[in-house]
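Close look at the chain arrangement
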Amino acid sequence: MDKLGSRCTLPCYPRPCVIICLLILTAAFLTYSILKTLSLQLHSSVTGSFVSGTHSIVFVNCPNEQIARDIARALLDKKLAASVNILPKASSLYYWKGEIEEATEILLLIKTKTSKVHMLSSYIRLVHPFEIPEVFSLPMNQGDAHFFKWLEEGMEEN
C-alpha cells in the first residue's frame, strides 16, 4: 500500500496562494506608516476633526532678533509654517567644543504641519548662522480644533 504523500516525487513547493499572501503581508508592512498618515489626513479633512500628531511645534534658537525675524518671515512666505512666536532673551548654557558656553538667544516657536518638519529643518540649516542650529520638534497632541484648522489654512498653497 502507498503511504500518504509517497505518490508525489516532486519537491514540495508552496502553493501560489501562500506566496500571494506573503507578498500582500510584506507590502502592507512596508507601506503601513504611509497608509496610516494618509488615512488620518483623509479622516481629518472629511470629518473636520483634529488628529493627534498632525501638527508640530518646532523650537529654534537664534543669535539675535533680526535673524529670528528674517527666518520667521521666510518660513511664513514659503508656507513652511502658519505661525511663529519670537520669544526674546532666552539665557542658554551649553557645551561647545569641550567648553561651557553662555549666550543670550532668541527662541522661535514655529507652528507647522508634522509633514513639513523635515523641509522646515532643512531650510533652517541652510539660512541659520550657527554651525549646528538647534532645531527640534514636538507633536501637538491636544488643542482647539478651530486653531488647528486655522493652521492648515495658513499653510495652504495658493
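Because the structure is a prediction, the values reported are computed rather than measured. (Residues numbered from 1 in each chain as written. Predicted model: local features only at pLDDT ≥ 70, side-chain atom pairs only at ≥ 80, totals over all residues. Heavy atoms only, no water.)

1. Here's the deal with the confidence of the model for the protein chain
For the protein chain, mean pLDDT is 85; residues scoring 70 or higher make up 82% of the total. Averaged pLDDT values over the elements of the protein chain bottom out at 75 in helix 1 (residues 16–47) and peak at 97 in helix 2 (residues 65–77). (pLDDT = per-residue confidence, 0-100. Helix = DSSP H or I, 4+ residues; strand = E, 2+ residues; numbered from the N terminus.)

2. Describing the pairing of strand 2 (residues 83–96)
Each regular strand carries side chains that alternate between the two faces of the sheet. Of the pairings in the sheet, the one linking strand 2 to strand 3 (residues 99–113) comprises 12 bridges and is antiparallel in character. Considered in strand 3, the bridge of S91 is made with T104. A loop of two residues connects strand 2 with strand 3, the two strands running antiparallel in sequence, and K97 in this loop sits at a positive phi of about 55°. (Pairing = 2+ DSSP bridges.)

3. Focus on a nonpolar patch on the surface
A contiguous nonpolar patch, built from V18, L22 and L25 and spanning about 280 Å² of accessible area, is present on the exposed surface. Relative to the helices and strands, L22 is located in helix 1. (Patch = residues over 30% accessible without salt bridge, like charges linked within 9 Å, V, L, I, M, F, W, Y side chains within 5 Å. Areas by Shrake-Rupley, 256 points an atom, 1.4 Å probe, with all protein chains shown as cover. Salt bridge = Lys/Arg side-chain N within 4 Å of Asp/Glu carboxyl O.)

4. Notes on the nonpolar core
Ranked by internal contacts, the top residues of the largest apolar core, which has 18 residues, are V60, C62, L75, L108, I110, L120 and I124. Taken together, the elements giving at least two residues each to this core come down to strand 1 (55–62), helix 2, strand 3 and helix 3 (117–127). Considering every element that reaches this core, the biggest residue donor is helix 2, with five residues. Apart from the residues lying within four places of it in its own chain, the contact partners of I110 are S56, I57, V58, V60, L75, A81, S83, V84, L120 and I124. In terms of nonpolar packing, the next biggest core, distinct from the first, is built from five residues, A82, F148, L151 and M155 among them. (Core = buried A, V, L, I, M, F, W, Y, C linked by side-chain atoms within 4.5 Å. Buried < 20%, exposed > 50% of the residue type's maximum accessible area, 1.4 Å probe, protein only. Contact = heavy atoms within 4.5 Å.)

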